[in-house]
Amino acid sequence: MVDKLYFSMTELLHSDIADKYNINNMPTDKKHYDNMLDLIHYVLQPTRLHFGRVDVACYRSYALWNKLKQLGFNPAKDSQHLKGQAVDITVPSRNLKDVFKWMKENIEYDQLLYEYDSKGNKWIHVSYNKGKNRKQAIDNYKA
Ligand SMILES: [Zn+2]
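The residue count restarts for each chain, going from 1 along the sequence in the order it is written. Side-chain atom pairs in this predicted model are given and counted only at pLDDT of 80 or more, local residue features only at pLDDT of at least 70, and totals for whole chains, interfaces and linings cover all residues.

1. Looking at the confidence of the model for the protein
A residue-level look at the protein finds 97% of positions with pLDDT of 70 or above and a mean pLDDT of 94. On a scale of 0 to 100, pLDDT captures the predictor's confidence in every residue. Starting at the N terminus, helices and strands are each numbered in turn, a helix being any DSSP run of H or I of at least four residues and a strand any DSSP run of E of at least two. Mean pLDDT values over the elements of the protein span from 94, in strand 5 (residues 136-142), up to 98, in helix 5 (residues 96-106).

Pasting the structure below:
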C-alpha cells in the first residue's frame, strides 16, 4: 500500500483502530468524498510525488471519533477529520520538520500543524477547505 505512487480513497478511509474494533468508517455525506478528493489533489499527491512514501490517517466517522475519545485520544470536537478535510501524515524517510517546511512553502492548505503528544509521537496535521483556506501554520502544536 505505502509504496504506491498514487493515493487511493481506500488509504484515506483506512483506520487501524476502526479495523481493530470493527467500526464502520465510511462517510455518510457525499461532500466528505469531495473533500478527500481535494486533499488528494492539492495536498497529498504533490507531497508523495516529492517525498515518496507518505503514510496517512484521514477520515474519521462519528463512530470512530467516539471510539478514539473512549480510548483517551482526546479528539477535537469540531475536527476537520470528521468531514474528510484533514489528514495526519508521517514521512518515514525524512525529518518531519523538513517536510513541514516544504509543505508550508509549496502546498495550498487551510491549517498546517506540526503536532506532537506526550508519548513522543509526532505528525503533520494538514487540512484543505476549498475556497476558505486560512493559511494557518503552527510549527509546534501539542495534541
Ligand atoms: Zn489531525
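2. Digging into the environment of Ser61
As for its position among the elements, Ser61 is in the loop between strand 1 (55-57) and helix 4 (62-70). Whether a residue is buried, exposed or partly exposed is read from the other C-beta atoms within 10 Å of its own C-beta, which are placed from the backbone; 20 or more gives buried, 12 or fewer gives exposed, and intermediate counts give partly exposed. Look at Ser61 and you get buried, because 21 C-beta atoms sit within 10 Å. With 36 residues separating them in the primary sequence, Ser61 and Asn25 have C-alpha atoms 5.1 Å apart. Placing a C-beta atom from the backbone of each residue, one calls two residues in contact when those atoms lie within 7 Å. Beyond its immediate chain neighbours, meaning those up to four positions away, Ser61 contacts Asn24, Asn25 and Met26.

3. Quick word on the pairing of strand 5
Counting buried residues in strand 5 gives zero out of seven residues, a small share hidden from the surface. Being paired, for any two strands, means DSSP has found at least two bridges between them. Bridge count between strand 3 (residues 111-116) and strand 5: five bridges; the pairing is parallel. Within the sheet, the bridge partner assigned to Glu115 lies in strand 5 and is Tyr141.

4. Quick look at unusual backbone geometry
The residue Asn22 is not glycine, and still its phi comes out positive at about 55°. Within the secondary structure, Asn22 sits in the loop between helix 2 (16-20) and helix 3 (30-51). Residue class for Asn22 comes out exposed when judged on the 6 C-beta atoms lying within 10 Å of it. Despite not being glycine, Lys135 has its phi angle at roughly 55°, a positive value. With respect to the secondary-structure elements, Lys135 resides in the loop between strand 4 (122-127) and strand 5. Residue classification places Lys135 among the exposed positions, given that 10 C-beta atoms sit within 10 Å.

5. Considering the sheet that holds strand 2 (residues 86-90)
Across the sheet, five strands lie side by side as 1-2-4-3-5; this open sheet has mixed pairing. Single-partner strands in this sheet number two, and they are strand 1 and strand 5. Mean inter-strand twist for the sheet, computed between neighbouring axes without regard to direction, equals 25°. Angles here are taken between N-to-C directions and fall from 0 to 180 degrees, while the axes themselves are lines fitted to C-alpha atoms, restricted in helices to the stretch in contact. Its contacts with the sheet place helix 5 against strand 2, strand 3, strand 4 and strand 5, and it is angled at close to 15° to strand 4.

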